[in-house]
Amino acid sequence: MIKRNIERQLEKSMKDFPSVTIYGPRQCGKTTIAKHMFPSFSYANLEDTNTRQLAKSDPYEFFTRFPEPIIIDEIQRVPELLSTVQVRIDESGKKKGQYILTGSQHIPLKEAVAQSLAGRTSILNMLPLSLAELSNSGIILERDPQLLAGCMPYMYDNQNIAPSEYYKSYIGTYLERDVAAQNQVHDLYSFERLLSLLAGRIGQLTNETALALDVGVSVPTIKGWLSILESTHIIYRLRSWYTSRTNQVVKTPKIYFCDTGIAAYLLGIETPSQMTRDPLMGSFFENLIVLEALKAEYDTNIKDSLFFYRNSNGVEIDILQSRPEGLNIYEVKSGQALSKDHLRHINSFKKKFDTNKSGVIYSGEDYPSFEENRFLNFHNAYSLFTPEEEPFRLSF
């Protein structure tokens, strides 16, 4: 099993709260890490029909059969069970570390958790494997095979399966279970067409009107479908950064996929050589690094500090991280060449705003300092986005 960087946060949260809720896409490793770290816990999977029916019809019998401490998988399938969890937490005197809840549908689960377990649960977000986790396990792929394979743990546990085969099954299961279960999409063909269109627009600004025209549905429908895709961890929308002084910046979010392997499958890219030749390869590479930054934030429990920047003069920063110590800005380049031209936008940004750190993430070798910026190979990008120091905590 590949060691996950979020283990530290999960261990600490279980000591501090009665319950921990882990959000994340299907098959990203939520259940694996919970079972690995807490092997003595009871385990209930609400995808199982009989277990789900028991939880719905007789929650107290459910907890007789599955006593605390317990791991409850896919809690969004029986959100009403959260009320019973709340009562049992309060009756126990809020005993710590009794429940691990996992779910792959963010919005419905988030609302239910907020209503029932406010102050009783720690929220952790989890994504597929990071490049850092793969590297620490001795798995280091070249750029284009990595973009094609994506980061789903299953790909590295079952190396005989082709990425296109795995992600075909993944999307099929996603459409049948997550999308159909929400009963908010009545035209799965058009919804799947939207998925393919988004894959062809990785790293681009969200143009809901254009998408509606291309798919053949209304703009409100597109808005709703994008929310579903985001809440079920298929896409991620990176917000733009601006201040009260930056009224000429683009404020529309960019769209990325939570795994490049999904996008590659949707575009019919099946081999590394196809990826190398594809005109979107640079966008795929940018997607990979944006998600590496997001994984680093999730693993260290940093909230909402990632942005991009683009103004009307064409100055663009691919990744901007707003941290207490200042702004960290990074350009993402898929090539291997060390070039001053990669710093053009960074230098333009620095003329207007103070920055803390800056650099370029690319496919070449690490250079700690080049033209007062750091050039870092993409396999090492994760370290750029982790906090410089531990958050403050009271101690007595």
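Attention here is on the structure that accompanies the text.

Cut-offs applied
Residues numbered from 1 in each chain as written. Predicted model: local features only at pLDDT ≥ 70, side-chain atom pairs only at ≥ 80, totals over all residues. Heavy atoms only, no water. Helix = DSSP H or I, 4+ residues; strand = E, 2+ residues; numbered from the N terminus. Buried < 20%, exposed > 50% of the residue type's maximum accessible area, 1.4 Å probe, protein only. Lys, Arg positive; Asp, Glu negative; His and termini not counted. Salt bridge = Lys/Arg side-chain N within 4 Å of Asp/Glu carboxyl O. Polar contact = N/O pair within 3.5 Å; in protein donor to acceptor, adjacent residues only side chain to side chain. Pairing = 2+ DSSP bridges. Axes fitted to C-alpha atoms, helices over the stretch in contact; angles between N-to-C directions. Arc of directions from axis to C-beta. Contact = heavy atoms within 4.5 Å. Core = buried A, V, L, I, M, F, W, Y, C linked by side-chain atoms within 4.5 Å.

### A closer look at the side chain of Asp73
Structurally, Asp73 is set in strand 3 (residues 70-73). With no salt bridge to any partner, buried Asp73 finds its closest opposite charge in Lys30, at an N-O distance of 6.1 Å. Only 2.5 Å separates the side chain of Asp73 from the side chain of Thr31, close enough to count as a polar contact. A polar contact is formed between the side chain of Asp73 and the side chain of Tyr43, at a distance of 2.5 Å.

### A short note on the sheet that holds strand 3
A sheet is described by the order of its strands in space; here five strands give the open sequence 2-3-4-1-5, paired in parallel fashion. On the outer flanks of this sheet lie strand 2 (42-45) and strand 5 (121-125), each paired with one strand and no other. Here the average twist between neighbouring strands, direction ignored, is 15°. Inspection of the sheet shows strand 1 (residues 19-23) paired to strand 5 by five bridges, in the parallel sense. Looking across to strand 5, one finds that Tyr23 is bridged to Asn125.

### Notes on helix 3 (residues 49-57)
Listed as buried for helix 3 are Thr51, Arg52, Leu54 and Ala55. One side of helix 3 holds all its buried residues, which, seen down the axis, span an arc of 160°. Of the residues in helix 3, the exposed ones pointing more than 90 degrees away from the buried face are Asn50 and Ser57. Buried-residue contacts for helix 3 involve strand 2, helix 4 (59-65) and helix 5 (81-91).

### A word on the nonpolar core
Phe191, Leu198, Leu229, Ile234, Phe257, Phe284 and Phe385 are the most contacted members of the largest nonpolar core, which has 73 residues in total. Top element by residues in this core is helix 16 (residues 281-299). It accounts for 10 residues. Contact partners of Phe191, with chain neighbours within four places excluded, come to Tyr174, Leu175, Val179, Val185, Trp225, Ile228 and Leu229.

What is shown is where atoms sit, not what they do.
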